[in-house]
Amino acid sequence: MTLPPTRWELAGEDNRGYGRHFADVVARGVDVDGEARLADALVPRGARVLDVGSGMGRVAAALQARGHDVVATEPDAALREQSRATYPDLEVLPHEALALDPHEVGAFDLVVLVGNVMIYLGEGTERQVLGRVRELLAPSGRVLVGFHLTAVMSGSRTYPAEEFVQDATSAGLRVVHRFGSYELHEPDEAYAVWVLERARRD
C-alpha cells in the first residue's frame, strides 16, 4: 500500500527541534510523564498498549516502566535512533499508523496518539487512521488522543474539535471524555485531550 507523505515528513528538518527539546528536558530531570500517567489510569495492570507516533519514546517507556506490555511505533528514523539511545529497553517499530496490520500486531487495551500525532498525519488520512485504530482495539479497548487544535508548529494543520469528532464518529469511534490537558482540566480552544472507544452498535 502506497501511503501519502505525512505532514511531519513534508516539514523535514523544521521538526528536528522536537527531539532536541525533549532530550534536553529529560536530561534535566523535568517531569515529562503527564500523558503516561493518564494513559496508565485508563487501563488495568499489565495492559497491552500501542503508542502510535512514539517519537523519542518517553511515553512508551514510562508505560513500560509501569508494567504494561507496550508496542511503540515511530516512522521517523532520527526519532527511532534517539529513542534507542535514550530508552534502550524499548523496542520501536518503524511503521506509520496505516501500515499497522491488526492480524500481525494484535489487539490493544489502549491505543495512544499523543504529542500532536493527529495534526501531522498525511493529508486526508485522518479518518483512515482512526478507522485503523478502531480495528486495533480490543473489544473494551480505548484510545487516548491529544493535540493542539490550531497549527502552532511547522508543518502541522489546524484540526477543529468539531471536525475531529466527525472523523472519529465516521471511523466507528465515540467520544467518552474531552479535557483541556492530561491533568483533566476543562476543555479549551487551544489543546484537546480525548478518550475514545468503539461506538456502540444498535
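A few points on the structure. Given the structure is predicted, the values throughout are model-derived calculations rather than measurements.

## Thoughts on the side chain of E126
- Here E126 is to be found in helix α7 (residues 126-136).
- For E126, a relative accessible area of 6% gives the class buried.
- At a separation of 2.9 Å, a polar atom in the side chain of E126 contacts the side chain of R157.
- Dropping the residues within four chain positions of it, E126 is found in contact with R7, M118, L121, R157, Y159 and D167.

## Let's talk about the sheet that holds strand β1 (residues 48-52)
- If you trace the seven strands from one edge of the open sheet to the other, you get β3-β2-β1-β4-β5-β7-β6, paired in mixed fashion. A single partner strand is all that each edge strand has here, and the edge strands are β3 (92-93) and β6 (173-179).
- Those strands touched by helix α3 (residues 34-41) are β4 (108-113), β5 (137-148) and β7 (191-198), and its axis lies near 155° from that of β5.
- Across the sheet, α7 touches β1, β4, β5, β6 and β7, and the angle it forms with β5 is around 145°.

## Considering the packing of α7 against helix α8 (residues 161-170)
- Two elements in contact, α7 and α8, have axes whose closest approach is 8 Å; the angle formed by their N-to-C orientations is 50°. Between α7 and α8, the crossing angle belongs to the class labelled oblique. For the crossing formed where α7 meets α8, the hand is right-handed. When α7 is examined against α8, the residues E126, R127 and L130 are found in contact with a partner set consisting of F164, Q166, D167, A168 and S170.

## Brief notes about the packing of aromatic side chains
- Enumeration over the complete set of coordinates arrives at six aromatic pairs.
- On the basis of an interplanar angle of 85° and a centroid distance of 5.0 Å, the ring pair of W8 and Y120 is categorised as edge-to-face. A residue pair is termed long-range when its members are at least 10 positions apart, and W8 in helix α1 (residues 7-11) and Y120 in the loop between β4 and α7 qualify at 112 residues.
- Seen in terms of ring centroids, Y159 and F164 are 5.7 Å apart; in terms of plane orientation they differ by 85°. Their pairing is edge-to-face.
- Classification of Y159 as buried rests on a relative accessible area of 0%.
- Counting every residue linked through ring pairs, the aromatic cluster contains F147, Y159, F164 and W194.
- One residue, R48, lies across the ring of F108, its end atom 4.3 Å from the ring centre.
- Cation over ring: R157 sits above Y159, and NZ or CZ is 4.1 Å from the ring centre.

Scoring rules and cut-offs
Residues numbered from 1 in each chain as written. Predicted model: local features only at pLDDT ≥ 70, side-chain atom pairs only at ≥ 80, totals over all residues. Heavy atoms only, no water. Helix = DSSP H or I, 4+ residues; strand = E, 2+ residues; numbered from the N terminus. Buried < 20%, exposed > 50% of the residue type's maximum accessible area, 1.4 Å probe, protein only. Polar contact = N/O pair within 3.5 Å; in protein donor to acceptor, adjacent residues only side chain to side chain. Contact = heavy atoms within 4.5 Å. Pairing = 2+ DSSP bridges. Axes fitted to C-alpha atoms, helices over the stretch in contact; angles between N-to-C directions. Parallel < 35°, antiparallel > 145°, perpendicular 65-115°, else oblique. Left-handed = near helix turned anticlockwise from the far one by under 90°. Phe/Tyr/Trp six-rings, centres within 6.5 Å; stacked < 30°, edge-to-face > 60°. Lys NZ or Arg CZ within 6 Å of the ring centre and 35° of its normal.

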